[in-house]
Amino acid sequence: MKCSEKDSADSKESDLAGKKLNCRISCRAPAPSWTLPPAQRCPGTARGRRSMDSRAWARAGAAERGRSRRGTPGRRTRKDWSCSLIVASLVGAFGSSFLYGYNLSVVNAPAQYIKSFYNESWERRHGHPIDPDTLTLLWSVTVSIFAIGGLVGTLMVKLIGKVLGRKYTLLVNNGFAISAALLMACSLQAGVFEMLIMGRFIMGVDGGIALSALPMYLNEISPKEIRGSLGQVTAIFICIGVFTGQVLGLPELLGKESTWPYLFGVIAVPAFVQLVSLPFLPESPRYLLFEKHDQAGAEKAFQTFLGKEDVSREVEEVLTESRVQRNIQLVSVLELLRSPLVRWQVFTVVATMACYQLCGLNAIWFYTNSIFGKAGISPEKIPYITLSTGGIETLAAIFSGLVIERLGRRPLLMGGFGLMALFFGILTITLTLQDHAPWIPYLSIVSILAIIASFCSGPGGIPFILTGEFFQQSQRPAAFIIAGTVNWLSNFAVGLLFPFIQKSLGTYCFLVFAAICLTGAAYFYFVLPETKNRTQAEISQAFAKRNKAYPPENTDSAASDTKVTRRPEPDPASTLDNYVKNGVV
């Protein structure tokens, strides 16, 4: 009994001592407004506590506040998809990436009629038929000059975008599309084949501008919770454009000798729709804040695109980034290439764009008709069967847009290129053995459709999304110039070199593309971090270790900007040192 009373008295004394200790702590220093991370909640020694980096404590507190403010990551609600956001993405893509896809496929159906037009024009001028080699050269120029125009358009984006902004760059770009449509549609009546070639070049300029300005616009108007899905609209409309070009090229529609110029005149319709619709939508709010310093206009744009009145959190996030970059001008391409802070981001953009064009999808179209013919399909029905490839492209792109915010960018890229490598290997085997059994050509058809689906489910649209996510506002135009340059040069290289590769390797040429796809998948596995639901600052931190250079701390700039309007908060590290010196921790 005495023993229990003694224990009870000891416990009361310890409780009283604990209360006194808590009182001393609360009187000597203010309680910090941050929460210690779990791994560092109870450091081992006083010496270890003194040596802690103050910036580590600040980052931990900022991350903790960010988590409580953002809520559960990856959760997507219907409120994110406002009517204005949907209209902006559809109208922007219809007048931009749709035309790019349409011009990729529209020249295939009327190819023989265009060559006849070249021959007739040449004979009318020179009095003799055109030489076959000259005709082949003119046709090659007609097809490939689209890529050269795309490169020129890409190099123009930074200058036009700086002066006009994202929205008005897209609007001005419609002038290129309409003028190109008029040139190509009137070339047959005028009897001047140079008008068709010049129109293809101008449409390339339109495509180069569109594939840089549109992803920037969509990236800057979308909430990060649906940034990937909205970014996939670019790829979806490219596939819809390819499919539309195949449908309109059927002989029953516009793929006839008397009507093929109208195939090119159709280009003016999407451009006109965008020209009359896009002016009613706001400019990119990030562009208004960063480059025009129009906070009222940016708030109104955020309210329109997000469909809510309270946009203070979104505006504050952009202003925080703006404080850090207030004295930073638009970065040039050379400065971006030299910057150690984004070295691996640039490498990754170059790798994704190179794999996007060099993965061999363009080579698939070379074999499609011959494979369908080997399967016993009559030549008259092959154009209709080819429509299945455009349909598969569109469905796979839509599937990617639905799952990208659940699965992330990284798995879709690695899985897409990995599956392409697998099916390229199967296609090589089936093409080599296609005469050994009647069912093997059908397996080749399945492999072709599987390659197309694998490409469009991930690699077909994610490169454009990553380019917008990796870089700050001041770096983004230069980054899209680099990405676009690699894209169009790779496109031109495939068109130039593939005939020689196919001639020397035959059906084994697909092994080259399988190796490129495997290399790309391996690179993304080891280098690419997941960017889903992450801000640009968080993505930069993920690359910082590989870059061996850490971005500047946002908290320092934010503190320097706010010290005039409110009292500075006590430094967490100095508060901790005070606790240690007073011996109360």
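Just above sits the structure.
Quick caveat, the model's predicted, so the values are computed rather than measured.

About the thresholds
Along each chain, the written sequence defines residue order, and numbers are assigned to residues from 1. Only residues with pLDDT of at least 70 get local features here, since the model is predicted, and only at 80 or more are side-chain atom pairs given and counted; chain-wide, interface and lining totals rely on the full set of residues. Think of the side-chain values as coming from all heavy atoms in the structure, minus any hydrogens and water. In this description a helix means any DSSP run of H or I spanning at least four residues, a strand means any run of E spanning at least two, and both kinds are numbered starting from the N terminus. Centre distance within 6.5 Å is the pairing criterion for rings of Phe, Tyr and Trp, where only the six-membered ring of Trp is used; planes under 30 degrees apart are then read as stacked, over 60 as edge-to-face, and the remainder as tilted. In this scheme, a residue with accessible area under 20% of its type's maximum is buried, one over 50% is exposed, and one in between is partly exposed, where area comes from a 1.4 Å probe on protein chains only. Two thresholds decide whether a charge sits over a ring: the Lys NZ or Arg CZ must be within 6 Å of the ring centre and within 35 degrees of the ring normal. Residue contacts are counted whenever heavy atoms from the two residues lie within 4.5 Å of one another. Any helix carries an expected span of 1.5 Å times its number of residues minus one. In this scheme, patches are assembled from residues that exceed 30% relative accessible area and form no salt bridge. Like charges are connected within 9 Å, while nonpolar side chains (Val, Leu, Ile, Met, Phe, Trp, Tyr) are connected within 5 Å. To be clear on the numbers: accessible area is Shrake-Rupley with a 1.4 Å probe, and residue cover counts the displayed protein chains and nothing else. When a carboxyl oxygen of Asp or Glu is within 4 Å of a side-chain nitrogen of Lys or Arg, the pair counts as a salt bridge.

Participant: Which residues make up the environment of Gly390, and what values go with them?
Facilitator: Among the structural elements, Gly390 can be located in helix α18 (residues 382–407). C-alpha of Gly390 to C-alpha of Cys239: the two residues are 151 residues apart in sequence and 6.8 Å apart in space.

Participant: How would you explain the packing of aromatic side chains if you had to name every residue and give the values?
Facilitator: Within this structure, the stated rule accounts for 21 aromatic pairs. Their ring planes at 90° and their centres at 6.1 Å tell us that Trp260 and Phe264 sit as a pair that is edge-to-face. With Trp260 and Phe264 both in helix α10 (residues 260–265) and 4 residues apart, the pair spans about one turn of that helix. Each of the two residues, Trp260 as well as Phe264, counts as buried. Summarising the aromatic geometry, the rings of Phe510 and Phe513 are spaced 6.4 Å apart at their centres and angled 55° between planes, so their arrangement reads as tilted. Residue Phe510 and its partner Phe513 are located together in helix α23 (residues 509–527), separated by 3 residues, close to a single helical turn. One exposure class covers both Phe510 and Phe513, and it is buried. A connected cluster of aromatic rings, assembled from ring pairs, spans Phe117, Tyr118, Phe193, Trp260 and Phe264. Note that Arg546 overlies the ring of Trp344, its terminal NZ or CZ placed 5.3 Å from the centroid.

Participant: Now, about the environment of Glu123: what can you tell me, with residues and values included?
Facilitator: As for its placement among the helices and strands, Glu123 is situated in helix α6 (residues 111–126). Residues within four places of Glu123 in sequence aside, it is in contact with His128 and Pro129.

Participant: Before we move on, could you go through α18 and cite the residues and values that matter?
Facilitator: With 26 residues, α18 extends 36 Å from end C-alpha to end C-alpha; this agrees with the ideal 38 Å at 1.5 Å per step. Directly after α18, the chain includes Gly408, whose backbone phi takes a positive value near 100°.

Participant: Mind laying out a nonpolar patch on the surface, listing which residues take part and the relevant values?
Facilitator: Side chains of Leu159, Val163, Leu164, Tyr168 and Val172 sit close together on the surface and give an oily, nonpolar patch of about 470 Å² of accessible area. Mapped onto the elements, Val172 comes out in helix α7 (residues 132–190). Given the relative accessible area of 43%, Val172 is considered partly exposed.

Participant: Give a description of the pattern of salt bridges that names residues and reports values.
Facilitator: Under the defined criterion, the tally for this structure stands at 5 salt bridges. Note that Arg125 is salt-bridged to Glu194, the shortest N-O span being 2.7 Å. With Arg125 in helix α6 and Glu194 in helix α8 (residues 193–221), the pair connects residues that are 69 residues apart, well separated along the chain. Judged by its relative accessible area of 34%, Glu194 is partly exposed. A salt bridge links Glu405 to Arg409; the nearest nitrogen and oxygen atoms lie 3.5 Å apart.

Geometric values such as these leave the question of function open.
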